[in-house]
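Analysis of the macromolecular model
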Amino acid sequence: MNLKAKILKKPLIFLVLISIALSLFAIIFSALSFSKLPDEIILQLNNNEGVKTFGSRADFIGVVVSVIILICVNFILAEVLFQRERVLSIILIFANIAISLGLVIIVSLLLSLN
């Protein structure tokens, strides 16, 4: 069975593929730019105070890994709940797209600040 037939059989797979593509883009983008990061990076800014929190490269990786774990948990829950509660499963899949898009934004902002 090819990919097009699977997408037609389960239309929510397309949404899952969008979320995976966004997450992979963020991971590849952060991996390519990781060597260019300084030892101390800016993690949080405030309009009034300026730089609020500094962190290390490990903190940057921690942000990316924690978001990826959250996405994986949502995928597992969406798959388990698909047969029982389709509405909740669809909400989780759309939440994954929003979280993946947020990951791309967070990674691009952290890399552009440093």
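Coordinates for the structure precede this section.
Below you will find a few notes about this structure. (Residues numbered from 1 in each chain as written. Predicted model: local features only at pLDDT ≥ 70, side-chain atom pairs only at ≥ 80, totals over all residues. Heavy atoms only, no water.)

1. Looking at the packing of helix 3 (residues 57-81) against helix 4 (residues 86-113)
- Two elements in contact, helix 3 and helix 4, have axes separated by 8 Å at closest approach and are oriented at 165°. Classified by the angle their axes make, helix 3 and helix 4 are roughly antiparallel. Between helix 3 and helix 4 lies a crossing of left-handed hand.
- Each residue belonging to the contact of helix 3 with helix 4 can be placed in one class, and the counts come to 21 nonpolar, 4 polar and 1 charged. (Axes fitted to C-alpha atoms, helices over the stretch in contact; angles between N-to-C directions. Helix = DSSP H or I, 4+ residues; strand = E, 2+ residues; numbered from the N terminus. Parallel < 35°, antiparallel > 145°, perpendicular 65-115°, else oblique. Left-handed = near helix turned anticlockwise from the far one by under 90°. Nonpolar A, V, L, I, M, F, W, Y, C, P; charged D, E, K, R; others polar.)

2. Observations regarding a nonpolar patch on the surface
- Taken together, the side chains of Leu17, Ile20, Leu24, Ile27, Ile28 and Leu32 define a hydrophobic patch exposed on the protein surface, amounting to about 520 Å² of accessible area.
- The residue Ile20 is located in helix 2 (residues 12-33) in this model.
- With relative accessibility at 35%, the residue Ile20 sits in the partly exposed group. (Patch = residues over 30% accessible without salt bridge, like charges linked within 9 Å, V, L, I, M, F, W, Y side chains within 5 Å. Areas by Shrake-Rupley, 256 points an atom, 1.4 Å probe, with all protein chains shown as cover. Salt bridge = Lys/Arg side-chain N within 4 Å of Asp/Glu carboxyl O. Buried < 20%, exposed > 50% of the residue type's maximum accessible area, 1.4 Å probe, protein only.)

3. Looking at the pairing of strand 2 (residues 50-55)
- Relative to strand 2, strand 1 (residues 41-46) runs antiparallel, the two being bridged by 5 bridges. Residue pairing for strand 2: Asn46 is matched across the bridge by Gly50.
- Connecting the antiparallel pair strand 1 and strand 2 is a turn made up of 3 residues. (Pairing = 2+ DSSP bridges.)

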